[in-house]
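Coordinates in review
Chain by chain, the residues run as shown.
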Amino acid sequence: MAYFSRPQSSSAVKIAQPTTDDDDKARFSQKKDSSPQRQCRNILIYGSCRFEDKGCIYYHPPTISQPSSTSTNV
């Protein structure tokens, strides 16, 4: 009946108190802030983003207005 006996060592995972390193938090926030902004995928896919003025956090390149091609030659 050794097959049904309990093992000598525990296979449970030890629970440890998490560390409170503020340095880790500072490193992650610094890395995120120093990285260049990512361009909005809506701009890449559709050419426009309906959330641009409503708080979209991604980069929206400035729109370039095309000069009018109508000429007023008399």
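Use the structure listed above.
Along each chain, residue indices are assigned from 1 in the same order as the chain's sequence is written. A pLDDT threshold of at least 70 governs which residues receive local features in this predicted model, and a stricter bar of 80 or more applies before side-chain atom pairs are shown or counted, although totals over entire chains, interfaces and linings include all residues. The side-chain numbers reported here are obtained from all heavy atoms of the structure, hydrogens and water having been left aside.

Overview of the overall build of the chain
Selection criterion: By the criteria applied, helices consist of DSSP H or I runs no shorter than four residues and strands consist of E runs no shorter than two, each listed in order from the N terminus. Relative accessibility decides the category of a residue: with a 1.4 Å probe and only protein chains considered, values under 20% of the type maximum give buried, values over 50% give exposed, and everything between is partly exposed. Method for areas: the Shrake-Rupley scheme with a 1.4 Å probe, in which residue coverage is limited to the protein chains shown.
For the chain, the helix and strand inventory stands at two helices and zero strands. Taken over 74 residues, the chain has a buried fraction of 5%. Total accessible area on the chain stands at roughly 8200 Å², and carbon and sulfur atoms take up 53% of it.

A short note on the side chain of His 60
The condition that has to hold: We call two residues contacting when some pair of their heavy atoms lies within 4.5 Å.
With respect to the helices and strands, His 60 occurs in the segment after α2 (41-46). In this structure His 60 comes out as buried when scored by relative accessible area, which is 14%. The residues contacting His 60, other than those within four sequence positions of it, are Cys 40, Ile 43, Cys 49 and Glu 52.

A word on the state of the cysteines
Each disulfide consists of one covalent bond between the sulfur atoms belonging to two cysteines. As a reminder, the rule being used: A pair of sulfur atoms, both from cysteines and within 2.5 Å, is called a disulfide here.
Evaluated as defined, the whole model comprises zero disulfides. The thiol of Cys 40 is unpaired, and the distance to the nearest cysteine sulfur, on Cys 49, comes to 3.7 Å. You can call Cys 40 buried: its relative accessible area is 2%. Taking the relative accessible area as the measure of exposure, Cys 49 reaches 10% and is therefore buried.

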